[in-house]
Amino acid sequence: MNEMFSLNDILDQDETILWQGKPQKFSYTINSIKPLLLFGIIWLLFDGAMILFMTFSGAFSEMPLEVMIVLIVFFAVHLLPVWMLVSKIIKVSKEASSLLYIITDKRLIIKKGEGLEYSSINYKDSSEVQVKISGIFKKVGTISIENAFYDGIFQFEYIQKPVEIYRIIKKQMEKEKV
């Protein structure tokens, strides 16, 4: 039996959603693959130049079929770092699409994946909230919240209007402290 779950299934009856949003997909994806991107591009340019050189110099037309097959297999395998980069881009892009950030009057929630995987923190256990505006993508930012019972930093990554969202969270934290 496969039941459909919704966000309302995890909310308390008297809990109100103040804001919900997703990460900005392009920023999230680029920042997740940044360490691999330059390497993958250089690798692709090198192999691409070799393939183009052999194609336009006529080297392929003079090769026996067996040698051409070996070269095609070689370059398909040699381009493995590029295939891995493309695979990572697809994976991270799907991940960004399935993330949902929620601010309620009682807590902060992150929904991950297509199923029912939620993480949440209460305002009363949170001590610090910070906003960081991306250097490259000026209209997006990341909000980090320190929480006594959450292992690590709770983050809403690459969201649009981060200062506005920061103010909503800060206001709720101050209400909870009073």
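You'll find the structure just up there.
Residues numbered from 1 in each chain as written. Predicted model: local features only at pLDDT ≥ 70, side-chain atom pairs only at ≥ 80, totals over all residues. Heavy atoms only, no water.

### Some remarks on unusual backbone geometry
One can expect most non-glycine residues to show negative phi and most peptide bonds to be in trans. You will see that Tyr-158, though not glycine, has its phi angle at about 50°, which is positive. Here Tyr-158 shows up in strand β7 (residues 153–160). Exposure remark for Tyr-158: the relative accessible area of 17% places this residue in the buried category. Non-glycine residue Lys-161 carries a positive phi angle of around 55°. With respect to the helices, strands and loops of the structure, Lys-161 is situated in the loop between β7 and α5 (162–177). Since its relative accessible area comes to 54%, Lys-161 is described here as exposed. (Helix = DSSP H or I, 4+ residues; strand = E, 2+ residues; numbered from the N terminus. Buried < 20%, exposed > 50% of the residue type's maximum accessible area, 1.4 Å probe, protein only.)

### Remarks on the pairing of strand β2 (residues 100–104)
Regular strands place side chains that alternate from one sheet face to the opposite one. Of all the five residues making up β2, five are buried; the element is thus mostly covered by neighbouring parts of the structure. The two faces of β2 match: Leu-100, Ile-102 and Thr-104 on one face and Tyr-101 and Ile-103 on the other face are all buried. As paired elements, β2 and strand β3 (residues 107–112) share four bridges and run antiparallel to each other. Paired with Tyr-101 across the two strands is Ile-110, which belongs to β3. Hairpin geometry of β2 and β3 is characterised by an intervening segment of two residues between the two adjacent antiparallel strands. (Pairing = 2+ DSSP bridges.)

### A short note on the sheet that holds β2
With antiparallel pairing, four strands are arranged side by side in an open sheet as β1-β2-β3-β4. Of all the strands in the sheet, the pair left with one neighbour each is β1 (17–21) and β4 (117–122). For this sheet the average axis-to-axis angle between neighbouring strands, irrespective of direction, equals 15°. Sheet analysis places β1 next to β2, joined by four bridges and oriented antiparallel. For Gln-20, the partnering residue across the bridge sits in β2 and is Ile-102. (Axes fitted to C-alpha atoms, helices over the stretch in contact; angles between N-to-C directions.)

### Brief notes about the pattern of salt bridges
The tally for this structure, following the rule as stated, stands at two salt bridges. The partner of Lys-106 in a salt bridge is Asp-14, and the shortest N-O contact between them spans 2.8 Å. Here the residue Lys-106 occupies a position in the loop between β2 and β3, and Asp-14 occupies one in the segment before β1, the gap between them amounting to 92 residues. Look at Lys-106 and you get partly exposed, because its relative accessible area is 27%. Residue classification places Asp-14 among the exposed residues on the basis of a relative accessible area of 51%. For Glu-15, the salt bridge goes to Arg-107, with nearest N and O atoms at 2.8 Å. Here Arg-107 lies in strand β3 and Glu-15 lies in the segment before β1, a separation of 92 residues in the sequence. The pair Glu-15 / Arg-107 is uniform in exposure class, with both members buried. (Salt bridge = Lys/Arg side-chain N within 4 Å of Asp/Glu carboxyl O.)

### Here's the deal with the sheet that holds β7
Sheet strands pair via backbone hydrogen bonds, and the direction of the pair is either parallel or antiparallel. Within the open sheet, the three strands sit side by side as β5-β6-β7. Their pairing is antiparallel. Of all the strands in the sheet, just β5 (126–133) and β7 have a single pairing partner and so form its edges. Adjacent strand axes in the sheet meet at a mean angle of 15° when their direction is disregarded. Note that β5 and strand β6 (residues 140–147) share seven bridges and pair antiparallel. Within β6, the position partnered with Ser-126 by the bridge is Asn-147. Docked against the sheet, α5 engages β5, β6 and β7, running at close to 170° with respect to β5. (Contact = heavy atoms within 4.5 Å.)

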